[in-house]
Amino acid sequence: QKLSSHNIMSKAKTAGVLGVAIGAIAAIAAVGTVKYIDEQKQTEIRKKKQVDNSKLKYDPPQQNAISILSHHGKFISCPDNKTNKYKDKANCASKQRSNEQTFISIPIPPNDPNDKSIKVVFKTYNGKYLSSQKKDGSIECNRNDIGPWEIFTVERYTNKKDGSDLFAFKSNHGKYLSAEWFTGLLYANRDKVDKWEKFSIQIVDWDDDDWE
């Protein structure tokens with residue numbers, strides 16, 4: 001069967017369009033790969049800076065101002081409710097550290113003298129406490145007072161990569177705090193500790209560290 005000149009031109013046009021589309025997809029993929037690699041580098045840089053200064057090592061039994069960095073290289077943050085798209089929810093989506101990413105870690109004495117665990121509460125820069133919700137494990141940063149939902153049990157781990165300390169936090173409901181990668185939200189809804197449940201913590205001393 002002979003092809004008409006019209007059919008030949010139509011197929012050539014289709015092939016040309018497909019070629020352009022494939023080229024565009026390849027270009028987008030290449031850009032995405034470069035951005036991903038760059039983001040991974042920046043994440044590692046933030047992680048390294050978070051543990052580099054031994055003078056700013058977190059000690060949970062002591063009260064200190066701290067910053068909390070997730071496995072994904074983002075800081076836990078409690079923005080002002082007027083500008084916070086997460087409303088009253090804490091998030092873990094900030095690449096920068098400032099007041100909104102700074103918390104006062106306050107040790108809480110156990111009620112049972114035989115309880116050797118370390119318990120803390122986290123106070124935000126605007127005087128509110130982090131609170132773990134029983135219903136879904138979401139973390140709100142709007143409590144004025146300390147109750148059971150505001151208390152977290154600290155567990156210390158060792159980073160096998162560089163020997164630095166990592167910390168996990170178990171809520172009063174028995175679930176571990178976890179930083180979600182996709183949503184950037186925090187939930188205390190995990191039964192065991194894995195990478196997303198471990199955090200790198202540094203004492204905040206604006207006169208002594210190199211963060212801006």
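Structural data are supplied above this passage.
In what follows, the accompanying structure is described.

Conventions we followed
- Residues numbered from 1 in each chain as written.
- Predicted model: local features only at pLDDT ≥ 70, side-chain atom pairs only at ≥ 80, totals over all residues.
- Heavy atoms only, no water.
- Helix = DSSP H or I, 4+ residues; strand = E, 2+ residues; numbered from the N terminus.
- Buried < 20%, exposed > 50% of the residue type's maximum accessible area, 1.4 Å probe, protein only.
- Contact = heavy atoms within 4.5 Å.
- Areas by Shrake-Rupley, 256 points an atom, 1.4 Å probe, with all protein chains shown as cover.
- Core = buried A, V, L, I, M, F, W, Y, C linked by side-chain atoms within 4.5 Å.
- Patch = residues over 30% accessible without salt bridge, like charges linked within 9 Å, V, L, I, M, F, W, Y side chains within 5 Å.
- Salt bridge = Lys/Arg side-chain N within 4 Å of Asp/Glu carboxyl O.
- Pairing = 2+ DSSP bridges.
- Polar contact = N/O pair within 3.5 Å; in protein donor to acceptor, adjacent residues only side chain to side chain.
- Phe/Tyr/Trp six-rings, centres within 6.5 Å; stacked < 30°, edge-to-face > 60°.

A few words now on the overall build of the protein chain. On a plain count of helices and strands, the protein chain comes out with one helix and twelve strands. Along its sequence from the N terminus, the protein chain presents helices and strands in the succession α-β-β-β-β-β-β-β-β-β-β-β-β. A buried classification covers 36% of the 212 residues belonging to the protein chain. The long-range fraction of contacts in the protein chain, counting pairs at least 24 apart against all pairs at least 6 apart in sequence, stands at 53%. As presented, the protein chain carries roughly 13000 Å² of accessible surface, and 54% of it is formed by carbon and sulfur atoms.

A separate point is the nonpolar core. One finds Phe-122, Leu-130, Phe-169 and Leu-186 to be the most contacted residues of the largest nonpolar core, which totals 23 residues. Going through the elements one at a time, strand 1 (64-69), strand 5 (118-123), strand 7 (139-143), strand 8 (152-158), strand 9 (165-170), strand 10 (176-179) and strand 11 (186-190) are the ones with two or more residues in this core. In this structure, Leu-186 is in contact with Ile-76, Ala-90, Asn-91, Cys-92, Gly-137, Ser-138, Ile-139, Leu-177, Ser-178, Ala-179 and Phe-199, ignoring residues within four places of it in sequence.

Okay, a nonpolar patch on the surface next. A contiguous nonpolar surface patch, about 430 Å² in accessible area, is contributed by Trp-181, Phe-182 and Trp-196. Topologically, Phe-182 is positioned in the loop between strand 10 and strand 11. Overall, the relative accessible area of 74% leaves Phe-182 in the exposed class.

The sheet contact formed by strand 6 (residues 129-132) and strand 7 spans three bridges and is antiparallel. Residue pairing in the sheet places Tyr-129 in a bridge with Arg-143 of strand 7. Counting the residues that bridge the hairpin from strand 6 to strand 7 gives six residues, and of these Gly-137 lies at a positive phi of roughly 80°.

Quick look at the side chain of Glu-140 now. For Glu-140, the location among the structural elements is in strand 7. The class for Glu-140 is buried, based on a relative accessible area of 15%. There is a polar contact of 3.4 Å between the side chain of Glu-140 and the side chain of Asn-142.

Take the packing of aromatic side chains next. Inspection of the entire model under this criterion finds five aromatic pairs. When the centroid spacing of 5.0 Å and the interplanar angle of 75° are considered together, the rings of Tyr-58 and Phe-167 count as edge-to-face. Residue Tyr-58 is located in the loop between helix 1 (5-52) and strand 1, and its partner Phe-167 is located in strand 9; the two are separated by 109 residues in the primary sequence. Across this residue pair, the class does not change: Tyr-58 and Phe-167 are buried. One aromatic cluster is present, formed by Phe-122, Phe-152, Phe-169 and Phe-199 through successive ring pairs.

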